[in-house]
Amino acid sequence: MNAIDTPLFLAPSQTRVPPVTALDAAAPDAAALAALIGRVAAARDRTAFAALYKHFAPRVKAYLVRAGMVGGEAEDVTQNVMLTLWRKAEYFDPARAGAATWVFAIARNARIDHARRKREVAMPDMEEPEAPDTAPSAEALTLAAERDTRLRGALNTLTPEQRQIVQLSFFSDTPHAAIASALNLPLGTVKSRIRLAMGKLRAVLEEGL
Amino acid sequence: MIKHHPSAETLLSHAAGTLAAGHALVVAAHIEGCAHCQAELARLEATGGALLDEISPAAMEPEAFAELLARLDEPAPPPPPAPRQAELALPPGLRLPKVLKTAEIGRWRWIGPGVRHAKVRLPWAREQTLMLLRVAGGRRVIHHSHGGAEFTQVLWGGFHDHTGQYGPGDIGEADETTLHQPVADEEGCICLASLEGGLRLPWLSRLFGG
Ligand SMILES: [Zn+2]
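Described in the following lines is the structure provided in the data block.

Thresholds, definitions, all that
Residues numbered from 1 in each chain as written. Chains lettered and ligands numbered in written order. Predicted model: local features only at pLDDT ≥ 70, side-chain atom pairs only at ≥ 80, totals over all residues. Heavy atoms only, no water. Helix = DSSP H or I, 4+ residues; strand = E, 2+ residues; numbered from the N terminus. Phe/Tyr/Trp six-rings, centres within 6.5 Å; stacked < 30°, edge-to-face > 60°. Buried < 20%, exposed > 50% of the residue type's maximum accessible area, 1.4 Å probe, protein only. Axes fitted to C-alpha atoms, helices over the stretch in contact; angles between N-to-C directions. Parallel < 35°, antiparallel > 145°, perpendicular 65-115°, else oblique. Contact = heavy atoms within 4.5 Å. Nonpolar A, V, L, I, M, F, W, Y, C, P; charged D, E, K, R; others polar. Buried area = accessible area lost by both parts, 1.4 Å probe. Salt bridge = Lys/Arg side-chain N within 4 Å of Asp/Glu carboxyl O. Expected span 1.5 Å × (residues − 1). Donors = N, O, S within 2.8 Å, 3.2 Å for Na, K, Ca; no water. Tetrahedral: all angles 85-135°; square planar, octahedral: opposite > 155°, others 65-115°. Patch = residues over 30% accessible without salt bridge, like charges linked within 9 Å, V, L, I, M, F, W, Y side chains within 5 Å. Areas by Shrake-Rupley, 256 points an atom, 1.4 Å probe, with all protein chains shown as cover. Lys, Arg positive; Asp, Glu negative; His and termini not counted. Charge placed at Lys NZ, Arg CZ, Asp CG, Glu CD. Core = buried A, V, L, I, M, F, W, Y, C linked by side-chain atoms within 4.5 Å. Domains from an automatic or database assignment.

### Some points on unusual backbone geometry
Glycine aside, residues mostly have negative phi, and peptide bonds are mostly found in the trans state. Residues and elements named next belong to chain A. Its identity as a non-glycine residue notwithstanding, Arg44 has a phi of 45 degrees, on the positive side. By secondary structure assignment, the location of Arg44 is in the loop between α1 (30-43) and α2 (46-66). One non-glycine residue, Asn184, lies in the positive phi region at around 60 degrees. By the secondary structure assignment, Asn184 is in the loop between α7 (176-182) and α8 (187-205).

Written as C-alpha cells, this is what we have:
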C-alpha cells in the first residue's frame, strides 16, 4: 500500500505529492472521500487532493465520454472539474451531500458549460451555499457514509428496466423521447419507469437526505 | 401550499443536466421555494453521485495530474459582471427568485390588453425564450402555438386552466400535446415562463384569427 491508499493516516501538513498511477487499488469509501475534501478545504492539502484526483478524475472522464465528449475534450473538462474541486472545497458540506454527489454536480455543470462554450459566455458557477463554519465532524462523516450506503441499497431495489432508464438519463445526452425511441418503447412507459424508480428511491431514503 | 410540482421526468432531466437552459432556470426557481422538490433533487443528485462512483473509470493521460498541480495556484477567474436588470415595478411582498440574479431582465412592456412582459435573457444561453409575465385579472396568460414544452412558475397571484388552480410557488408544465389556455385569477398573475417554439399572444391570435 502506498501513501495514496492510506491518505487518512498522513498529517495534513504533509505536502509531498506522490505520483498518481494505478487505478486498481481499493477505492476509498464515502467517509474517507469526504474527509479528504475537508482536508483540501482546511489546509490546501495536496496529498489529500492527489487521492481525490486518483479516485474521481478517471470517473469524471468516463462520465464525460459517455455524455458524448471525445477523449481530449473529456480530459480537459475533467481537469477543470478537478480544479473546481480544489478551489471550492470549502463549500462542500457533507451534511448536505456525499462527496461523489458533490463531484457529480460539478461535473454535470461543467458538461453543460462545455456544451455552451462555443458561445462567448460561460455559465455561472452553481449556486454556492454558505460554506460550513467548521470542518465536518466525525459524526457528520459517518452519517454521510451511512446515507451513501442506503442509496446504493435503494439503487439495487430498482428493476433492471428502471435502472437502465435512470442510468441513461444521467449518462447520455439524450432527452427521454429519444431514449424511448432508441429502446423502442412508448414515451409513457419511459415516464412511468422514471416515476416508479423515484418512488422507490424516496421510500428507501425517506428518513435521510 | 404548493400543489403543482415539475413531473418526475423533468426533475430527473434537471438533475442530469439535460433540460434546456431556459426550462432549467424556471424549474430551479420552483425548487428554490419548494422543500418537497429540494428533497427530490437531493435524492436524484445522490443517485447521480452513486452512478458516478460505480462507473468504469477511464484512465487520464500519464502527465495529467502533474499538469494540474502546476495550475493549482493560478488565481480563479473573476466572477462574471452583474447582468443588467431593469428596476421592475412589482407588487409589495414579491421577491424575484434568486436564480434570476444571473439573468438580464428588461422593462415591463405592453404586449396586449392586460398583458405585459419583461424579457429575461441568460447571458450564456441567449437564444432561450424566457420572460416575466404580468397578466391582469381575467386575462388569458398565453395562447399556445404548440411549438414545444413550456414551464410557468407562479410568483404572485395565480391562474387557472383545465388542469387546475395555480398559486404562488406552483409550476405549470405543458407540452405540444397539451392544449391549455391559462386565465389569470381576479387579482392578476405574475409568473416566470420559458417557452420552446416561441410565443403567440392573445391579441396576435385575435389579429390573425387564431
Ligand atoms: Zn415542488
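### Quick word on the packing of aromatic side chains
Each aromatic ring pair is specified by the distance between its two centres and by the angle formed by the two planes. Residues and elements named next belong to chain A. Counted according to the given criterion, the structure contains nine aromatic pairs over all chains. Ring centres of Tyr63 and Phe171 lie 5.7 Å apart, and the angle between their planes is 65 degrees; on these two criteria the pair is classed as edge-to-face. Taken together, the positions of Tyr63 in helix α2 and Phe171 in helix α6 (residues 160-171) put the pair 108 residues apart, joining distant regions of the chain. Looking at Tyr63, the relative accessible area reads 0%, which means it is buried. Under the relative-accessibility criterion, Phe171 is labelled buried at 3%. Ring geometry for Phe104 versus Phe170: centroids 5.4 Å apart, planes at 75 degrees, classification edge-to-face. Here Phe104 is found in helix α4 (residues 99-116), whereas its partner Phe170 is found in helix α6, with 66 residues between them in sequence.

### A closer look at the packing of helix α5 (residues 138-156) of chain A against helix α3 (residues 35-54) of chain B
Relative to each other, α5 of chain A and α3 of chain B sit at 85 degrees, their axes nearing to 10 Å. The angle between the axes of α5 of chain A and α3 of chain B places the two elements in the roughly perpendicular class. Within the contact between the two elements, α5 of chain A uses Leu151, Arg152 and Leu155 of chain A and α3 of chain B uses Arg43, Ala46, Thr47, Ala50, Leu51 and Asp53 of chain B. For the contact of α5 of chain A with α3 of chain B, the residue count by class is five nonpolar, one polar and three charged.

### Quick look at the interface of chain A and chain B
Each side of the interface is counted separately: chain A has 61 residues, and chain B has 51 residues. Contact between chain A and chain B buries roughly 5,300 Å² in total, counting both sides, with carbon and sulfur atoms accounting for 65%. On inspection of chain A and its partner chain B, the count reaches seven salt bridges. For Asp73 of chain B, the salt bridge identified is with Arg46 of chain A, shortest N-O distance 2.9 Å.

### Let's talk about the packing of helix α2 (residues 21-32) of chain B against α3 of chain B
It is at 7 Å that the axes of α2 of chain B and α3 of chain B come closest, and there the two elements cross at 115 degrees. When α2 of chain B is examined against α3 of chain B, the residues His30, Ile31 and Glu32 of chain B are found in contact with a partner set consisting of Cys37, Gln38 and Leu41 of chain B.

### Here's the deal with α6 of chain A
Taking 1.5 Å per residue as the helical rise, α6 of chain A with its 12 residues ought to reach 16 Å, and the 16 Å between its terminal C-alpha atoms agrees with that figure. Gln162, Arg163, Ile165, Val166, Ser169, Phe170 and Phe171 of chain A are the residues of α6 of chain A that are buried.

### Some remarks on the coordination of the zinc ion
All names here are of chain B. Coordination of the zinc ion by the protein is provided by His5 (ND1), His30 (NE2), Cys34 (SG) and Cys37 (SG), with metal-donor distances spanning 2.0 to 2.3 Å. Seen from the zinc ion, its four donor atoms lie at angles of 99 to 116 degrees, and the figure they make is tetrahedral. By relative accessible area, Cys34 is classed as buried at 2%.

### Overview of a positive patch on the surface
All names here are of chain B. There is a patch of like positive charges on the surface, built from Arg107, Arg109, Lys119 and Arg121. Turning to its location among the elements, Arg107 is positioned in the loop between β1 (104-105) and β2 (109-112). Take Arg107: its relative accessible area is 53%, and that puts it in the exposed class.

### Notes on the pattern of salt bridges
Where charged atoms from two side chains of opposite charge come close, those side chains can pair. All told, the structure shown has 13 salt bridges over all chains when counted by the stated rule. Ionic pairing is found between Glu54 of chain B and Arg163 of chain A, a salt bridge with its closest N-O pair at 2.3 Å. Of this pair, Glu54 of chain B sits in helix α3 while Arg163 of chain A sits in helix α6, placing the two residues on different chains. Here Lys191 of chain A ties to Glu9 of chain B by a salt bridge, and the two come within 3.6 Å at their closest N and O atoms. Taken together, the residues Lys191 of chain A in helix α8 and Glu9 of chain B in helix α1 (residues 8-16) connect one chain to another. Among the ionic contacts, a cluster of salt bridges with common partners joins Lys191 and Arg195 of chain A together with Glu9 of chain B.

### Structural notes on the nonpolar core
Phe49, Tyr53 and Phe170 of chain A together with Leu132 and Leu192 of chain B are the most contacted members of the largest nonpolar core, which has 101 residues in total. The biggest single contributor to this core is α2 of chain A, with 12 residues. Shared between two domains, this core takes at least three residues from each, and those domains are domain 1 (27-137) and domain 2 (157-209) of chain A. Residues Val135, Phe159, Ala184 and Leu195 of chain B belong to the second largest nonpolar core, which totals 13 residues.

### Let's talk about the environment of Lys101 of chain B
All names here are of chain B. Among the secondary structure elements, Lys101 is positioned in the loop between α4 (64-71) and β1. Residue classification places Lys101 among the exposed residues on the basis of a relative accessible area of 54%. When the C-alpha atoms of Lys101 and Gln85 are compared, they prove to be 8.8 Å apart, with 16 residues separating the residues in sequence. Excluding residues that lie within four positions of it along the chain, Lys101 makes contacts with Pro83 and Gln85.

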